[in-house]
Amino acid sequence: AKTAGRSRFRRFTRDLDREIRARRSMELDLHDALADGEFALHFQPLFDLSRNCFSAFEALLRWNHPRRGQVLPAEFIPVAEETGLIIPIGEWVLREACRHAATWPEDIRVAVNFSTVQFSSPGLVGQVAQTLAASGLDPNRLEIEITESLLLESSDSIRDILLGLKALGVRIALDDFGTGFSSLSFLRKFPFDKIKIDRSFIIELLREDEAGAVVRAITDLATALKMETTAEGVEESGQVEALRAFGCTTLQGYLFSRPVPPADIPALLARGRSI
Ligand code: C2E
Ligand code: CA
Ligand code: CA
Ligand code: CA
């Protein structure tokens, strides 16, 4: 039994060692990725149910590494956050997103994901203001998506930064709502412009009555608080009428389009306007 235990331990340390080395190698690759031009933005449209057209695009980061191929955000964003690399990467994302959006029709917004870590960077509001000014994009056309983890930090300084962003004219959306540590008190704490209802509720919509009840409760609450709602991960046409009946304002998901490279946006807009 003792030998078995020892060999299990050896296997454990060997696996751990391999994991640490893989992690370290990703850190090193990530470090060079910006300078080497390996990042790209793809954009996924948001469909406005009242106007029956696309009204915004969410910027989603893609990493094309020469050896690794396309690395998904779920794999590299956590590493970027732990190393602090998300700060220069986030600045690049915002610059690129604003630069592209400035070339779109004026009624189309751009949504940009901000990591909680970016809020620890001093001068965030000033940097956003500067990026907007440099791109010439109307601040009302930028929507910043944050997650509930930011609100767990609870400090007044986070609230001040969010209010500072709003004072610029930027819109703020609460992403992935209903997952993690959702608390209704978050919604009272800050005047969000929009709540994005997490995909997990949308998936269950046609299969479980309870999911419908939750989505309806969220949209009713949002409407009462004068916030818009986006349903994430809409994949089936049957979900559209249910979400419309619940009073959702915008829909996003593969049913409308996967995230696309910027060059595909004009064609998507031409198609979307005639849905
Ligand atoms: P998110 O902000 O919740 O973005 C939505 C994710 O759902 C995207 O995955 C999108 O491709 C995917 N999605 C959209 N519609 C559907 C659908 O109908 N079905 C399914 N199965 N998935 C759908 P992606 O691009 O892999 O991004 C994953 C996450 O990585 C994002 O989740 C966001 O949290 C993070 N992320 C992506 N880009 C950035 C960025 O520039 N900055 C930061 N801080 N995080 C980012
Ligand atoms: Ca998002
Ligand atoms: Ca989301
Ligand atoms: Ca998510």
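Residues numbered from 1 in each chain as written. Chains lettered and ligands numbered in written order. Predicted model: local features only at pLDDT ≥ 70, side-chain atom pairs only at ≥ 80, totals over all residues. Heavy atoms only, no water.

An unreviewed UniProt entry lists the protein chain under the name EAL domain-containing protein, with Novosphingobium flavum given as the organism.

Metal coordination angles in their ideal form are 109.5 degrees for the four-donor tetrahedron and 90 or 180 degrees for the six-donor octahedron. Protein coordination of the calcium ion (ligand 2) is provided by E58 (OE), N113 (OD1), E145 (OE) and D175 (OD), with donor distances spanning 2.1 to 2.3 Å. Between consecutive donors of the calcium ion (ligand 2), the numbers of intervening residues give the motif E-x54-N-x31-E-x29-D. The distance between the calcium ion (ligand 2) and the calcium ion (ligand 3) comes to 3.9 Å, with D175 serving as a donor to both metals. Placement of N113 in strand β4 (residues 109-113) and of D175 in strand β6 (residues 171-177) is noted, with a sequence separation of 62 residues between them. For D175, a relative accessible area of 6% puts it in the buried group. (Donors = N, O, S within 2.8 Å, 3.2 Å for Na, K, Ca; no water. Helix = DSSP H or I, 4+ residues; strand = E, 2+ residues; numbered from the N terminus. Buried < 20%, exposed > 50% of the residue type's maximum accessible area, 1.4 Å probe, protein only.)

Along a regular strand, successive side chains alternate from one face of the sheet to the other. When you tally the buried positions in strand β2 (residues 53-65), you get twelve out of 13 residues, the bulk of the element. Bridge analysis of strand β1 (residues 39-48) against β2 gives ten bridges, and the strand direction is antiparallel. Bridge pairing links L41 to L61 in β2. What sits between β1 and β2 in their antiparallel hairpin is a turn of four residues, with N52 showing a positive phi close to 55°. As judged from the four bridges shared by β2 and β4, these two strands associate in the parallel manner. Each residue of the ladder has a partner; that of E58, found in β4, is A111. One ladder, built from three bridges, connects β2 with strand β3 (residues 69-71); its direction is antiparallel. Among the inter-strand pairings, W63 is bridged to a residue of β3, identified as V71. (Pairing = 2+ DSSP bridges.)

What follows deals with a nonpolar patch on the surface. Nonpolar side chains collect at one region of the surface, where F9, F12, L16 and I20 lie side by side and expose about 430 Å² of accessible area between them. For F9, the location among the structural elements is in helix α1 (residues 2-33). Classification of F9 as exposed rests on a relative accessible area of 54%. (Patch = residues over 30% accessible without salt bridge, like charges linked within 9 Å, V, L, I, M, F, W, Y side chains within 5 Å. Areas by Shrake-Rupley, 256 points an atom, 1.4 Å probe, with all protein chains shown as cover. Salt bridge = Lys/Arg side-chain N within 4 Å of Asp/Glu carboxyl O.)

For the rest of this paragraph, the subject is helix α9 (residues 209-224). When the terminal C-alpha atoms of α9 are compared, their 23 Å separation across 16 residues agrees well with the 22 Å that a helix rising 1.5 Å per residue should span. Taken together, the buried positions of α9 are occupied by A211, G212, V215, I218, T219 and A222. Burial along α9 is one-sided: seen end-on, the buried residues are contained in an arc of 130°. Exposed side chains of α9 directed beyond 90 degrees from the buried face belong to D209, E210 and A224. Buried residues along α9 sit against β6, β7 (194-197), α8 (199-204), β8 (228-231) and α10 (237-246). Positive phi shows up at K226, right after α9, with a value of about 60°. (Expected span 1.5 Å × (residues − 1). Arc of directions from axis to C-beta. Contact = heavy atoms within 4.5 Å.)

Right, let's get into the site of ligand 1. The full set close to ligand 1 counts 20 residues, and Q44, R62, R199, E235 and Y254 are the nearest of them. Between an oxygen atom of ligand 1 and a side-chain N or O atom of D176, the distance comes to 3.2 Å. Protein chains shield 81% of the accessible area of ligand 1, which is 800 Å² for the free molecule. (Near = heavy atom within 4 Å. Polar contact = N/O pair within 3.5 Å; in protein donor to acceptor, adjacent residues only side chain to side chain.)

Turning our eyes to something else, we now look at the pattern of salt bridges. Scanning the entire structure with this criterion turns up 17 salt bridges. Among the salt bridges present, the one from D29 reaches R68, with a minimum N-O distance of 2.9 Å. Remark: R68 occurs in the loop between β2 and β3 and D29 occurs in helix α1; sequence separation between them is 39 residues. The closest approach of N and O atoms between E145 and K196, which form a salt bridge, is 2.7 Å. One end of the pair, E145, is in strand β5 (residues 142-146); the other, K196, is in strand β7, and 51 residues separate them in sequence. Comparing E145 with K196 shows no difference in burial state: the two are buried. The network of salt bridges with common partners includes E143, R171, K194 and E228.

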